[in-house]
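Chain by chain, the residues:
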Amino acid sequence: MMSARSDGDPARPRRDARRNRDRLLRAAHEVFTEQGLEAPLDVIARRAGVGNATLYRHFPTRAALVDAVFRDQLGGTTAAGERARSAPDAWTGLHSYLEGVFATLAADRGANDLMTTRLQGVDALDAVHAHNRETLDLLLARGRAEGAVRGDISTEDVLFMLAALGRAAPALTAATTSDAWRRPLALLLDGLRAPTAAPLPGAGLTPGELDGVLEELGSQRGTARGAAGKGERRDA
């Protein structure tokens, strides 16, 4: 008498789906790190060994994929900000925080795109940008009160300089050495110190003006404004 055949392990599709998702996340992090967030999604699918349809089943939009890839890393940036806030003095906190941020910007093009431009639809990113601004607000205000930071510097000034210098960090390290970013960071920090020889010319950026600059930086790198928050063509 023949025994009844099993229909298979019902848990297998779930295991296969988890494995495919893990492969996609690893491949996406590699590709985003190498090429930035504008990297073609079919390149990620091929590196993961799956089809485009499988990628879109797990991550319907580029924003969903970016959020999943960088959520933990962005959480680390927030933790670094908390550590900087609890430093014994404002200058120590500011120096350590900016050093950590620059190290990340130089090493990871995907994280660089996230931190130095504006991308819509990445939930974890919105929280990190807000926390980053708050951290700098607190450290600069404390630094001014302690006499360590010049009085005419604004948070928008620092965020702009971080974005401008940070965008150049991957190219700088690729053309020179992996720690070449330390020199422009030292110049940036020196410019924040008090006392200074001369006041800054002109007016500082407003928050709205800074947002416009960061959006323009993103468009110049080929990242379509708002593309991260919208669905993309699903290729089979």
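See the structure printed just above.
Okay, so let's go over this structure. (Residues numbered from 1 in each chain as written. Predicted model: local features only at pLDDT ≥ 70, side-chain atom pairs only at ≥ 80, totals over all residues. Heavy atoms only, no water.)

**With respect to the side chain of His129**
Right, so step 1: Within the secondary structure, His129 sits in helix H7 (residues 123-146).
Right, so step 2: In terms of polar contacts, His129 uses its side chain to reach the backbone carbonyl oxygen of Leu114, at 3.3 Å.
Right, so step 3: Not counting the four nearest positions on each side in its chain, His129 is found in contact with Leu114, Met115, Thr117 and Arg118. (Helix = DSSP H or I, 4+ residues; strand = E, 2+ residues; numbered from the N terminus. Polar contact = N/O pair within 3.5 Å; in protein donor to acceptor, adjacent residues only side chain to side chain. Contact = heavy atoms within 4.5 Å.)

**A look at helix H4 (residues 62-85)**
An α-helical turn contains 3.6 residues, so a residue and the one three or four places further along point in the same direction.
Right, so step 1: Helix length check: H4 (24 residues) gives 33 Å between terminal C-alpha atoms against 34 Å at 1.5 Å per residue, within 8%.
Right, so step 2: In H4, a bend of some 55 degrees at Phe70 exceeds every other bend along the element.
Right, so step 3: Taken together, the buried positions of H4 are Arg62, Ala63, Leu65, Val66, Asp67, Val69, Phe70, Leu74, Thr77, Gly81 and Ala84. (Expected span 1.5 Å × (residues − 1). Bend = angle between axes of the 7 residues up to and from the residue. Buried < 20%, exposed > 50% of the residue type's maximum accessible area, 1.4 Å probe, protein only.)

**Points about the pattern of salt bridges**
Right, so step 1: Under the definition given, this model contains 13 salt bridges.
Right, so step 2: Taking the shortest distance from any N to any O, the salt bridge between Arg19 and Asp16 comes out at 2.4 Å. Here Arg19 pairs with Asp16, and both are found in helix H1 (residues 12-35), just three residues apart, close to one helical turn.
Right, so step 3: You can call Asp16 partly exposed: its relative accessible area is 24%.
Right, so step 4: Between Arg133 and Glu156 there is a salt bridge, with the nearest N and O atoms lying 2.4 Å from each other. Taken together, the residues Arg133 in helix H7 and Glu156 in helix H8 (residues 155-175) connect sequence positions 23 residues apart.
Right, so step 5: Here the salt bridges do not stand alone but share partners, grouping Glu30, Glu34 and Arg47 into one network. (Salt bridge = Lys/Arg side-chain N within 4 Å of Asp/Glu carboxyl O.)

**Topic: the nonpolar core**
Right, so step 1: Counting residues in hydrophobic clusters, the biggest one holds 57 residues, and the most contacted among them are Phe32, Ile44, Leu65, Phe70, Leu94 and Leu98.
Right, so step 2: Broken down by element, the residue count for this core peaks at eight residues, all from helix H5 (residues 90-107).
Right, so step 3: Aside from chain neighbours lying at most four places away, what touches Phe70 is His29, Phe32, Leu37, Asp108, Gly110, Ala111 and Leu114. (Core = buried A, V, L, I, M, F, W, Y, C linked by side-chain atoms within 4.5 Å.)

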